[in-house]
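In case you want the letters, here they are:
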Amino acid sequence: MQFDAIVIGGSHGSFDVLMNLFASLPRSDMPPIFVVIHIPRDSTQDFVTHFNTRCGCRMVEIEDKQVPEGDRVYLAPGGYHALLERDRRLSLSSDEPVNHAQPSIDVLFESAAVAYGNRLLAVLLTGASSDGAAGMARIDALGGTTIVQDPTTARSPVMPKAALALIRPDHLVAPDVLADTIRDLVSGAQPRGMMHGDG
């Protein structure tokens with residue numbers, strides 16, 4: 001396995017992308033996947049139930065001091081920031097919103113970059129704010145692998161465009177090839193059916 005963790009961030013328009021992604025990813029031999037989407041407080045369990053029912057992806061709500069396991073998806077709860085500590089335990093914070101978001105993609109991404117370094121795979125999807133762009137830049141700077149949704153395929157292109165203003169991602173992809181791209185990268189195969197960031 002090429003990566004110890006995957007982080008995914010998205011906002012407006014990302015729910016359908018994530019539904020298709022988790023329905024298509026393998027159920028085994030995957031590192032832990034940490035997800036931040038901008039969801040309201042007290043709605044997290046509804047999202048978890050919906051994803052598990054529709055996708056069978058073994059999603060759980062992130063809890064403070066949780067030790068991540070492979071083959072699971074961890075969703076940041078609405079109303080809290082989710083972070084990864086240096087020892088790779090999860091933690092929750094009730095600090096003020098970052099980029100008007102709580103949970104914030106940047107908070108998770110920046111902490112994951114420090115915890116995992118070049119063993120981290122990061123994905124930034126459609127969204128209507130710049131949250132996640134700085135986090136992607138931090139991941140890129142510390143040697144992680146970056147995937148950004150092609151803005152021309154995004155319901156809200158603001159988020160991917162903000163990332164592209166800061167970095168040249170390793171991979172720029174459309175949603176219909178995202179699962180294949182992640183699967184190939186995790187297994188160490190050459191990614192297929194996608195456009196590279198320097199293309």
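Residues numbered from 1 in each chain as written. Predicted model: local features only at pLDDT ≥ 70, side-chain atom pairs only at ≥ 80, totals over all residues. Heavy atoms only, no water.

To continue, consider the nonpolar core. Counting 32 residues, the largest nonpolar core has I8, F22 and I182 as the members making the most contacts within it. At the level of secondary structure, the elements contributing two or more residues to this core comprise β1 (5–10), α1 (14–24), β2 (33–37), α2 (44–55), β4 (73–75), β7 (120–124) and α6 (178–187). Those residues within four positions of I8 in sequence are excluded, and the remaining contacts are L18, L21, F22, I33, F34, V35, V36, F109, V123 and L125. A5, I62, A115 and A162 belong to the second-largest nonpolar core, a separate cluster that totals 29 residues. (Core = buried A, V, L, I, M, F, W, Y, C linked by side-chain atoms within 4.5 Å. Buried < 20%, exposed > 50% of the residue type's maximum accessible area, 1.4 Å probe, protein only. Helix = DSSP H or I, 4+ residues; strand = E, 2+ residues; numbered from the N terminus. Contact = heavy atoms within 4.5 Å.)

With that settled, consider the pairing of strand β6 (residues 90–93). Relative to β6, strand β5 (residues 81–84) runs antiparallel, the two being bridged by four bridges. Pairing of L83 across the sheet is with S91, part of β6. In this antiparallel pair of consecutive strands, β5 and β6, the connection spans five residues, and R88 shows a positive phi of 75°. (Pairing = 2+ DSSP bridges.)

The next point concerns α2. Taking 1.5 Å of rise per residue, the 12 residues of α2 would be expected to cover 16 Å, and the 16 Å separating its terminal C-alpha atoms lies within 8% of that figure. Among all positions of α2, only T44, V48, F51 and C55 are buried. Axial view of α2: buried residues confined to an arc of 75°, hence all on one face. The outward face of α2, more than 90 degrees from its buried face, is lined by the exposed residues D46, T53 and R54. Positive phi appears at G56, one or two residues downstream of α2, with a value of about 60°. (Expected span 1.5 Å × (residues − 1). Arc of directions from axis to C-beta.)

Let us now look at the packing of helix α3 (residues 105–116) against helix α4 (residues 133–141). The geometry of α3 relative to α4 is characterised by a closest axis approach of 7 Å and an angle of 10° between their N-to-C directions. Taken as axis vectors, α3 and α4 run roughly parallel relative to one another. The segment α3 lies against α4, with D106, F109, E110, A113 and V114 engaging A133, A134, G135, M136, R138 and I139. Residue composition of the contact of α3 with α4, grouped by class: seven nonpolar, one polar and three charged. (Axes fitted to C-alpha atoms, helices over the stretch in contact; angles between N-to-C directions. Parallel < 35°, antiparallel > 145°, perpendicular 65-115°, else oblique. Nonpolar A, V, L, I, M, F, W, Y, C, P; charged D, E, K, R; others polar.)

Turning our eyes to something else, we now look at the packing of aromatic side chains. Evaluated as defined, the whole model comprises four aromatic pairs. Relative to F51, the ring of F15 lies with its centre 5.2 Å away and its plane at 55°, an arrangement referred to as tilted. Within this pair, whereas F15 is found in helix α1, its partner F51 is found in helix α2, the two being separated by 36 residues in sequence. Taking the relative accessible area as the measure of exposure, F51 reaches 1% and is therefore buried. Between the aromatic rings of F34 and Y74, the centroid separation amounts to 5.6 Å while the plane-to-plane angle is 35°, which identifies the pairing as tilted. Here F34, found in strand β2, pairs with Y74, found in strand β4; they are 40 residues apart in sequence, far enough to count as distant. (Phe/Tyr/Trp six-rings, centres within 6.5 Å; stacked < 30°, edge-to-face > 60°.)

Moving on, we come to the pattern of salt bridges. Under the criterion given, the structure shown has six salt bridges. R155 is the salt-bridge partner of D16, the closest N and O atoms lying 3.2 Å from each other. Of this pair, D16 sits in helix α1 while R155 sits in the loop between β8 (145–149) and α5 (158–164), and the two are 139 residues apart along the sequence. Judged by its relative accessible area of 40%, D16 is partly exposed. Between D87 and R89 there is a salt bridge, with the nearest N and O atoms lying 3.7 Å from each other. We classify D87 as exposed; its relative accessible area is 51%. Through salt bridges with shared partners, a single ionic network connects D4, R88 and R119. (Salt bridge = Lys/Arg side-chain N within 4 Å of Asp/Glu carboxyl O.)

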